[in-house]
Amino acid sequence: MSSSSKKNSTTLLAANDKSTLHQNLEFTAIEQYKLLRTNLNFTLPQGEKCPVIGITSAMRGEGKSTTAINLSYVLAEKGSNVLLIDGDLRMPSVAKKMKINNDRGLTDLLMGSDARMSDFRSELLSNWYVVPSGDIPPNPSELLGSKRMQLILNELKQSFDYIIIDLPPVNLVSDALSISEMLSGMVVVIREDYSEKKDIADCFRQLSFSDVNVLGCVINSSKSGSGTYNKYKKSRSYKKYVYYRTSSKDDTE
Ligand SMILES: Nc1ncnc2c1ncn2[C@@H]1O[C@H](COP(=O)(O)OP(=O)(O)OP(=O)(O)O)[C@@H](O)[C@H]1O
Ligand SMILES: [Mg+2]
């Protein structure tokens, strides 16, 4: 890829001019996120008013936040009311990636602050809301698995069509598992040429042990035709899941 085309292939997150956010995604990448959007509707439980979808991975840096932001964007772009929540209360990145204020966020909602949803409306799409992490709490796992979190989600489900939650990696901390009962399902991001097979297997073992409904896997940074899809697909512990590819090739942070 030439350096100029590389510059144009940034993910949604790195856009400076928010009005052209969409155009900052490489065509193939946006198409793949749209495919993910379509396919999710086949794997989500039928008839649920507002599915709550967690995004996780085995380890750090596999592209969870990138996927959460881009997926929530393409869902909103189609007209749904979408809420993206940064549920990575240890190393949050949504606010930074989207260049939005993190003064108020999920921890404020959990602490019962008077934050209103209108505070979280994105500048880009009027039907896309983004709740960043807020201040980092000392007990993220307990907060994510708390009754208060369940109450907040139940309330938010009345106002949205989809809720996407960016979560920490399964193999490192228990946060994603502790909120998993409140989710309609989980999308697992696997980064090509980065994720170790053993780590992915551990991740799926834990998800399965906790009875998490895995909606599918995103093979991030996938090179079409590389054969990696088959490599992952045929591995015993996770062959039953549906796979989607994304291939935004630039790292612009
Ligand atoms: N498909 C991709 N191609 C190239 N770079 C990518 C791709 N997806 C993500 N990145 C970059 O990789 C880094 C990690 O991505 P991201 O922050 O989305 O991962 P993460 O799983 O949320 O990480 P963490 O576990 O630290 O929260 C970022 O710098 C991001 O810009
Ligand atoms: Mg992240």
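Residues numbered from 1 in each chain as written. Chains lettered and ligands numbered in written order. Predicted model: local features only at pLDDT ≥ 70, side-chain atom pairs only at ≥ 80, totals over all residues. Heavy atoms only, no water.

## Quick look at the overall build of the protein chain
The helix and strand inventory of the protein chain stands at 10 helices and 7 strands. For the protein chain, the proportion of contacts with a sequence separation of at least 24, taken over those separated by at least 6, is 79%. Carbon and sulfur atoms make up 48% of the accessible area of the protein chain, which amounts to about 11700 Å² in all. (Helix = DSSP H or I, 4+ residues; strand = E, 2+ residues; numbered from the N terminus. Contact = heavy atoms within 4.5 Å. Areas by Shrake-Rupley, 256 points an atom, 1.4 Å probe, with all protein chains shown as cover.)

## Overview of the pairing of strand β6 (residues 214-220)
A regular strand carries its side chains on alternate faces of the sheet. For β6, a buried count of 7 out of 7 residues is recorded, marking the element as mostly surrounded by other parts of the structure. The parallel pair strand β5 (residues 185-191) and β6, bridged by helix α9 (residues 197-209), forms a crossover whose chirality is right-handed. (Buried < 20%, exposed > 50% of the residue type's maximum accessible area, 1.4 Å probe, protein only. Right-handed = clockwise from strand over helix to strand, strands pointing away.)

## Focus on the nonpolar core
Counting residues in hydrophobic clusters, the biggest one holds 40 residues, and the most contacted among them are Ile85, Ile163, Ile165 and Leu207. In this structure, isoleucine 163 is in contact with Cys50, Pro51, Val52, Ile53, Leu83, Ile85, Leu153, Leu156 and Lys157, ignoring residues within four places of it in sequence. Ranked by size, the runner-up nonpolar core spans 28 residues in total, among them Ile69, Val94, Leu125 and Ile164. (Core = buried A, V, L, I, M, F, W, Y, C linked by side-chain atoms within 4.5 Å.)

## Here's the deal with the side chain of serine 80
Examined against the element boundaries, serine 80 turns out to sit in the loop between α3 (64-77) and β2 (82-86). Of the residues examined, serine 80 reaches a relative accessible area of 17% and is grouped as buried. Residue contacts for serine 80: discarding those within four places in its chain leaves Leu75, Asn127, Asp161 and Tyr162.

## Some remarks on unusual backbone geometry
With a phi close to 55°, lysine 99 is a non-glycine residue in the positive phi region. The residue lysine 99 is located in the loop between α4 (94-98) and α5 (106-110) in this model. A residue is classified by how much of its surface remains accessible, and lysine 99, at 48% relative accessible area, is partly exposed. Even without glycine at this site, aspartate 193 takes up a positive phi of about 60°. By the secondary structure assignment, aspartate 193 is in the loop between β5 and α9.

## Some remarks on the environment of lysine 147
Topologically, lysine 147 is positioned in helix α7 (residues 147-157). Exposure remark for lysine 147: the relative accessible area of 74% places this residue in the exposed category.

## Examining the packing of aromatic side chains
Applying the stated criterion across every chain, the model contains 2 aromatic pairs. The residue whose ring lies beneath arginine 191 is tyrosine 194, and the NZ or CZ to ring-centre distance is 5.6 Å. (Phe/Tyr/Trp six-rings, centres within 6.5 Å; stacked < 30°, edge-to-face > 60°. Lys NZ or Arg CZ within 6 Å of the ring centre and 35° of its normal.)

## Here we look at the state of the cysteines
Considering all chains together, one arrives at 0 disulfides under this definition. Cysteine cysteine 203 remains unbridged, with the sulfur of cysteine 217 as its closest cysteine sulfur at 8.5 Å. The exposure class assigned to cysteine 203 is buried, which follows from its relative accessible area of 1%. On the basis of relative accessible area, cysteine 217 is assigned to the buried category, the value being 0%. (Disulfide = S-S within 2.5 Å.)

## Here we look at the confidence of the model for the protein chain
Per-residue pLDDT for the protein chain averages 83, and the proportion of residues at 70 or more is 77%. Counting contacts from residues 1-20, a segment whose pLDDT is below 50, to residues more than four positions away or on other chains yields 49 contacts. (pLDDT = per-residue confidence, 0-100.)

## Brief notes about the environment of asparagine 154
Mapped onto the secondary structure, asparagine 154 falls in helix α7. Using a relative accessible area of 34% as the deciding quantity, one classes asparagine 154 as partly exposed. C-alpha separation for the pair asparagine 154 and methionine 182, spaced 28 residues apart in sequence, amounts to 9.1 Å.

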